Amino acid sequence: MIPVVMPTYARADVVFERGEGPYLYATDGRRFLDFAAGVAVNALGHAHPHLIKALTEQANKVWHTSNLFRVAGQESLAKRLTEVTFADTVFFTNSGAEAWECGAKTIRKYHYENGNPQKTRIITFEQAFHGRTIASISAAKQEKLVKGFGPLLDGFDQVAFGNLNELRNAVTPETGGICVEPIQGEGGIRTGSVEFLRGLREVCDEFGLLLFFDEIQTGVGRTGKLFAHEWAGITPDVMAIAKGIGGGFPLGACLATERAASGMTAGTHGSTYGGNPLATAVGNAVLDVVLAPGFLDGVQRIAGVLQGRLDDLIAKHPAFFLEQRGQGLLRGLKLAQPVGDVVATLRANGLLSVPAGDNVVRLLPPLIIGEREVEEAVAILDKTAREWTA
């Protein structure tokens, strides 16, 4: 008998009834330190008072009107996002996959409107993850994503992550853009070097391509900058964001320069729910916190503490934790043991984490954690390593 909830996830047998800050509480009374954060979604932890206030105040006014009318929250949130990024304009969505699809369409429409309709192809990278739609799995090409869902959509050419020579050789007269995650999350917390990211910008400028960053997981403070590409001192033409911008409420956005979005005119794209009053009220509240003076400095500081303590942990258990990856509060530990089993043991010991490719356990704590939570997490990681190697 198939379950009433379609069994597309191998769900852990735990139900959470409430959360507070970096902690979740299950219906059986257990408390968990949440270093999964809803897969990098709950950027400000659980039950953040400022987000609750914004959501409940808006809920008492109007929930949804559709995009057939102006939405004040969209206009204010878009203005704030354009003021602090490269972008001139924003399209709001419900999810990261939708934001990514908007970005891919923006690239094609730009070239079509500028007299190059043949420039439809986008270069992507091995081990990428951009969502679960047919287009996004066609772009990523990972076997675990595409098996059984063929034929894939044409239009995507894949090269090795970090290899600029291979990238240059992949550019053809039909290439319209390059899409990349600054740090591959699902692909194993693989960080693109500053030189690599700058090289992507140079290639796009040289060949007249649009640079499309997928910052769905890396954005909104996760790496200690508002967006991860800022570490390389470059800007994209198009960017997909989601996860942290809603703090737990479904919200995504496609950001673009005026030039890149020149083809996105009335009737070319749409969303029934995207950027509704509830979602944008929460998005604005998230920015209130993340853009407050000193907040991102605090993320960088605590990320440094976490990185140092994880290095100590690796030195203590070198046969169990093989290496540390990532940036800011997007950390990965490469394991010698099967990641799914280790994640289950961590959960049994009170720490929530997320598996990633290349046998990596992903640590994605809320951006509000302090040294106490770092020490608690490291103690659980240490206990788990000792149990596995005893």
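Refer to the structure above for everything that follows.
Residues numbered from 1 in each chain as written. Predicted model: local features only at pLDDT ≥ 70, side-chain atom pairs only at ≥ 80, totals over all residues. Heavy atoms only, no water.

## Notes on the packing of aromatic side chains
For the structure on display, the rule yields 8 aromatic pairs. Geometrically, the ring pair formed by Phe 125 and Phe 161 is edge-to-face, given 6.1 Å between the ring centres and 85 degrees between the ring planes. Within this pair, whereas Phe 125 is found in strand E5 (residues 121–125), its partner Phe 161 is found in the loop between strand E6 (156–159) and helix H7 (164–170), the two being separated by 36 residues in sequence. Judged by relative accessible area, which is 2%, Phe 125 ranks as buried. A centroid spacing of 4.8 Å and a plane angle of 85 degrees characterise the contact between Phe 320 and Phe 321, whose relative ring orientation is edge-to-face. Accessibility assignment for this pair places Phe 320 and Phe 321 in one class, buried. Taken together, the aromatic side chains of Trp 100, Phe 156 and Phe 212 make up a single cluster linked through ring pairs. Positioned over the ring face of Tyr 25 is Arg 18, at 4.0 Å from the centre of the ring. (Phe/Tyr/Trp six-rings, centres within 6.5 Å; stacked < 30°, edge-to-face > 60°. Helix = DSSP H or I, 4+ residues; strand = E, 2+ residues; numbered from the N terminus. Buried < 20%, exposed > 50% of the residue type's maximum accessible area, 1.4 Å probe, protein only. Lys NZ or Arg CZ within 6 Å of the ring centre and 35° of its normal.)

## Some thoughts on the sheet that holds strand E13 (residues 321–327)
Spatial strand order, E13-E14-E17-E16: 4 strands in an open sheet with antiparallel pairing. Two strands close off the open sheet at either side, each with one partner strand: E13 and strand E16 (354–356). Looking at each pair of strands side by side, their axes are set apart by 30 degrees on average, direction ignored. Here strand E14 (residues 330–335) pairs with strand E17 (residues 360–363) via 4 bridges, running antiparallel. Looking across to E17, one finds that Arg 331 is bridged to Leu 363. Running over the sheet, helix H10 (residues 295–316) touches E13, E14 and E17 and is turned about 165 degrees from E13. (Pairing = 2+ DSSP bridges. Axes fitted to C-alpha atoms, helices over the stretch in contact; angles between N-to-C directions. Contact = heavy atoms within 4.5 Å.)

## Digging into the environment of Asn 42
Assignment of secondary structure puts Asn 42 in the loop between helix H1 (37–40) and helix H2 (49–59). Overall, Asn 42 belongs to the buried group, its relative accessible area being 13%. Separated by 159 residues in the primary sequence, Asn 42 and Arg 201 have C-alpha atoms spaced 31 Å apart. Not counting residues up to four positions away in its chain, the partners in contact with Asn 42 are Ala 37, Gly 247, Gly 248 and Pro 366.

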